[in-house]
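# Descriptive structure summary
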Amino acid sequence: MLRHILSRVALTIPTFIALMFVTFAAIRLVPGDPVEVRVGEHGISPERLAMFRHQLGLDQPIWKQFLDYVWRLLHGDFGTSLSTNNKVLSEFLTLFPATVELTVSAMLIAVVIGIPAGAIAAVKRGSMFDQILMGASVAGFSMPIFWWGLLLIMLFSERWGLTPVSGRIDLIKYYFEPVTGFMLIDAALSDQRGAFLDALHHLILPAFVLGTLPLAVVARMTRSSMLEVLNEDYVRTARAKGLSPFRVIGLHALRNALIPVVTVIGLSVGALLSGAVLTETIFSWPGVGKWLIESIFRRDYPALQGGVMLISTLVILVSLAVDILYGVINPRIRHAR
Amino acid sequence: MTAAPDSFAIGAPSGAEATPSPLAEFWSAYRENRGAVAGLSVVAFVVLCAVFANVIAPHSPIEQFRDAVRAPPVWETGGSWKFVLGSDGLGRDTLSRLIFGARISLFIGLAVMGLSSVIGVTLGLAAAYFGGFVDVAISRLTDVIWALPSLVLAVLVIAIIGPSLTNTIIAIAIVYMPTFARLMRASAMTELKKDYVTAARVTGVRPLRLMLSTVLPNCLAPYTVQAAIGVSTAILEAAGLGFLGLGAQPPTPEWGAMLADAREFIRSDPWIVTLPGLAIVITVVAINLTGDGLRDAFDPKLRRS
């Protein structure tokens with residue numbers, strides 16, 4: 001077991017080194033004077049230029065600059081934002097809970113609807129329900145998330161007035177200091193009547209929009225995995241023993257069918273974060289995706305560099321965790337190598 | 001819809017007939033999937049629109065009719081046949097922009113697919129043939145690209161090289177390249193172990209020729225399916241970048257960029273927002289259905305499942 005974990009961890013180290021190299025190289029590829037790119041000032045005097053060059057270490061040989069960069073990353077220094085002068089890491093951490101809240105809720109929606117729907121479709125294979133669900137899942141795969149968001153805003157918020165258009169909570173009615181950064185939890189802790197419901201109200205539409213793609217994937221994956229499992233001998237045995245269909249499907253079949261589904265969920269973190277960039281932009285959701293896009297428009301390259309580094313690190317770590325967990329759940333994988 | 005293969009009625013051609021040509025056999029397998037046929041027809045329609053855009057589009061995609069700003073489509077009150085699908089905030093005809101947009105989206109899709117295939121297939125074949133250090137280096141490179149969320153990577157590339165249509169293609173091709181590289185590596189490795197490759201080697205076929213004309217053609221089936229899906233993914237990603245203002249720049253009638261312009265009219269003129277998105281969804285669904293159909297037709301085992 002320990003060997004399995006260690007080998008997985010070892011495999012991600014070269015990926016990390018390559019990632020650090022990519023982000024290091026990226027900021028040097030930005031056209032323009034490297035000092036101006038990092039300091040954000042234009043037409044600086046030669047003295048200031050020399051000072052900044054020294055301060056930023058740009059007068060050092062390139063391999064030393066890279067090692068310095070790696071050294072700073074390892075000490076948690078992801079650079080300083082040009083537009084706010086804050087540390088990129090602290091800015092990221094302030095916004096990150098909003099993104100986590102959004103993505104986790106999206107995944108919850110996908111799982112809670114997708115798994116039962118996929119399982120029912122497999123059991124009632126070829127039925128009307130199955131056909132509609134599979135059709136909807138193709139549409140879900142193909143949905144441009146930003147348009148889907150706009151469409152739902154148009155219907156639910158503008159036409160029917162059911163949900164708010166943007167933001168995480170009604171800031172005029174409710175105000176409280178953030179404790180955890182998760183609006184739902186903070187609202188529940190705040191003792192303000194209606195705050196929690198209002199936060200939930202703000203969350204539901206963006207979470208559904210972001211959850212649409214994983215919902216399509218989870219439903220389809222559950223269906224095909226379930227179809228395979230339903231043909232297995234142990235399911236036939238369970239049926240022959242006279243167990244109720246609910247027990248056979250719910251306990252024996254579904255539990256085994258879920259192993260590949262869990263992997264797919266874990267591995268879709270990257271796709272989810274890509275979607276979060278668009279969803280946050282549409283709903284003015286103050287998370288890291290929106291922040292990343294805004295830093296591009298502000299030409300805040302250090303923030304972009306640090307942000308990409310942090311997001312990618314996260315995705316790599318989650319994939320690693322999924323990989324390890326998969327080995328824990330499924331001993332066949334663990335002993336395969 | 002993938003429900004169609006469930007019909008067991010029409011099977012493979014029975015042995016009694018003369019052996020049909022591979023293409024005819026492929027087509028008869030493909031035709032079994034009704035969704036795939038429908039998808040292919042829509043794809044053909046979009047391609048025709050793209051090719052004959054200047055013939056069928058009623059207006060120029062960038063001409064601004066100042067007297068008809070935000071004209072409603074023909075079925076709404078106040079709509080006219082002059083602007084069948086209405087006009088946008090600058091008085092440009094939506095239908096014409098959608099038709100020309102098909103050209104841009106398909107071009108992006110095909111260009112991304114072409115560029116990422118050439119690089120990906122080359123890297124994949126090289127990794128499989130040389131193995132060792134080359135394989136490790138290529139695999140790590142593709143790992144890093146895969147670790148980054150696709151849109152975040154595309155956005156990073158765009159931030160460096162600047163937003164434009166060409167750069168959109170480059171950015172998405174970089175994002176999509178590892179998929180082809182991995183696919184090719186895996187299938188080439190399987191093929192390399194087979195007897196016919198050994199036979200070719202023994203007869204003294206040179207490495208380049210061995211990889212390109214002996215191994216590559218046998219890896220094409222999974223590649224074709226992935227390429228079809230790649231086109232639709234590229235269209236979606238490009239539209240996403242266009243929507244963020246990081247893709248094709250105005251006045252290019254790119255579908256995603258059209259949506260970005262339309263956001264302010266979400267309340268007053270919903271059709272300006274609805275139509276470009278509908279064009280994207282229909283095209284992407286059609287390409288995905290075609291890809292599904294190709295996969296089923298290539299792989300008889302899957303066809304029956």
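Residues numbered from 1 in each chain as written. Chains lettered and ligands numbered in written order. Predicted model: local features only at pLDDT ≥ 70, side-chain atom pairs only at ≥ 80, totals over all residues.

Looking only at helices and strands, chain A features 15 helices and 0 strands. Taking the principal axes of its C-alpha atoms as reference, chain A extends roughly 85 × 55 × 40 Å. Every one of the 337 residues in chain A was classed for burial, and the buried ones make up 39%. The contacts of chain A with a sequence gap of at least 6 include a subset with a gap of at least 24, amounting to 72%. (Helix = DSSP H or I, 4+ residues; strand = E, 2+ residues; numbered from the N terminus. Buried ≥ 20, exposed ≤ 12 C-beta atoms within 10 Å, placed from the backbone. Contact = placed C-beta atoms within 7 Å.)

On to the overall build of chain B, then. Each helix and strand in chain B was counted, giving 13 helices and 0 strands. Counting only C-alpha atoms and orienting by the principal axes, one finds that chain B spans roughly 75 × 55 × 30 Å. Residues counted as buried form 48% of the 305 residues belonging to chain B. When contacts within chain B are restricted to residue pairs at least 6 apart in sequence, those whose partners lie at least 24 apart make up 69%.

Before going further, it helps to spend a moment on unusual backbone geometry. All names here are of chain A. Phi at Asn 85 is positive, roughly 65°, even though this residue is not glycine. One non-glycine residue with positive phi stands out, namely Arg 299, at about 55°. Note on placement: Arg 299 falls in the loop between helix H13 (288-297) and helix H14 (301-329). We classify Arg 299 as partly exposed; it has 16 C-beta atoms within 10 Å.

Taken residue by residue, chain A gives an average pLDDT of 82. The fraction at 70 or more is 96%. When mean pLDDT is compared element by element in chain A, helix H5 (residues 88-123) of chain A scores highest at 90, while helix H15 (residues 331-336) of chain A scores lowest at 60. (pLDDT = per-residue confidence, 0-100.)

Contact with chain A, which involves 42 residues of that partner, is made by 38 residues of chain B. Only helix H1 (2-29), helix H6 (128-141), helix H7 (145-159), helix H12 (269-282), H13 and H14 of chain A provide two or more residues apiece to the side of chain A that touches chain B. Along the lines of polarity and charge, the residues of the side of chain A that touches chain B split into 31 nonpolar, 9 polar and 2 charged. (Nonpolar A, V, L, I, M, F, W, Y, C, P; charged D, E, K, R; others polar.)

Given a rise of 1.5 Å per residue, 16 residues ought to cover 22 Å, and the 22 Å separating the end C-alpha atoms of helix H5 (residues 132-147) of chain B matches this to within 8%. Within H5 of chain B the residues assigned to the buried category are Ile 138, Thr 142, Val 144, Ile 145, Trp 146 and Ala 147 of chain B. (Expected span 1.5 Å × (residues − 1).)

What follows concerns the nonpolar core. In terms of nonpolar packing, the biggest core is built from 171 residues, with Val 152, Ala 154, Val 155, Ile 172 and Leu 259 of chain B touching the most fellow members. The element that contributes the greatest number of residues to this core is helix H9 (residues 195-230) of chain A, accounting for 18 residues. If near-sequence neighbours (up to four positions away) are discounted, Val 152 of chain B is found in contact with Leu 273, Ser 274, Val 277, Leu 292, Val 308 and Ile 311 of chain A. (Core = buried A, V, L, I, M, F, W, Y, C linked by C-beta atoms within 7 Å.)

Residues and elements named next belong to chain B. Along its 24 residues, helix H10 (residues 220-243) runs 34 Å from first to last C-alpha, staying within 8% of the 34 Å computed at 1.5 Å per residue. The element H10 is largely enclosed, with a buried count of 19 among its 24 residues. At the C-terminal side of H10, Gly 245 shows a positive phi close to 85°.

Let us look at the packing of H10 of chain B against helix H12 (residues 270-298) of chain B. Residue and element names in this part refer to chain B. Direction vectors running N to C along H10 and H12 enclose 170°, while the axes themselves pass 8 Å from each other. Taken together, the axes of H10 and H12 lie roughly antiparallel to each other. Each of Ala 221, Thr 224, Val 225, Ala 228, Ile 229, Val 231, Ser 232, Ile 235, Leu 236 and Ala 239 in H10 lies in contact with H12, whose residues at this interface are Ile 280, Thr 283, Val 284, Ile 287, Asn 288, Thr 290, Gly 291, Leu 294, Arg 295 and Phe 298. Its residues placed into classes, the contact of H10 with H12 shows 13 nonpolar, 6 polar and 1 charged. (Axes fitted to C-alpha atoms, helices over the stretch in contact; angles between N-to-C directions. Parallel < 35°, antiparallel > 145°, perpendicular 65-115°, else oblique.)

Moving on: the packing of H10 of chain B against helix H11 (residues 255-262) of chain B. Residue and element names in this part refer to chain B. Look at H10 against H11: their axes get within 7 Å of each other, and the N-to-C directions meet at 30°. In terms of orientation, H10 lies roughly parallel with respect to H11. Here H10 and H11 pass one another in a crossing that is right-handed. Residues Ala 238, Ala 239, Gly 240, Leu 241, Gly 242 and Phe 243 of H10 touch H11, and the partners they reach there are Trp 255, Gly 256, Ala 257, Leu 259 and Ala 260. The class makeup of the residues in the contact of H10 with H11 is 8 nonpolar, 3 polar and no charged. (Left-handed = near helix turned anticlockwise from the far one by under 90°.)

Summarising the element assignment, Asp 68 of chain A is placed in helix H4 (residues 62-74). With 11 residues separating them in the primary sequence, Asp 68 of chain A and Gly 57 of chain A have C-alpha atoms 8.6 Å apart.

With that settled, the discussion passes to the confidence of the model for chain B. Scored by pLDDT, chain B has a mean of 81; 91% of the residues are at 70 or more. The least confident element of chain B is helix H13 (residues 300-303) of chain B, whose mean pLDDT is 52; the most confident is helix H4 (residues 94-130) of chain B, at 90.

So, about the environment of Phe 65 of chain B. Residue and element names in this part refer to chain B. Mapped onto the elements, Phe 65 comes out in the loop between helix H3 (53-56) and H4. What makes Phe 65 partly exposed here is the crowd of 15 C-beta atoms within 10 Å. Along the primary structure Phe 65 and Leu 90 are separated by 25 residues, whereas in three dimensions their C-alpha atoms are 7.3 Å apart. In this view, Phe 65 contacts Ser 87 and Gly 91; residues no more than four positions away in its chain are not counted.

Moving on to the environment of Ala 187 of chain A. Residue and element names in this part refer to chain A. Relative to the helices and strands, Ala 187 resides in helix H8 (residues 183-189). For Ala 187, a count of 22 C-beta atoms within 10 Å translates into the label buried. Residues Ala 187 and Val 100 lie 87 residues apart in sequence; the distance between their C-alpha atoms is 16 Å. Among all residues touching Ala 187, those that are not within four sequence positions of it are Ile 169, Ala 195, Phe 196 and Ala 199.

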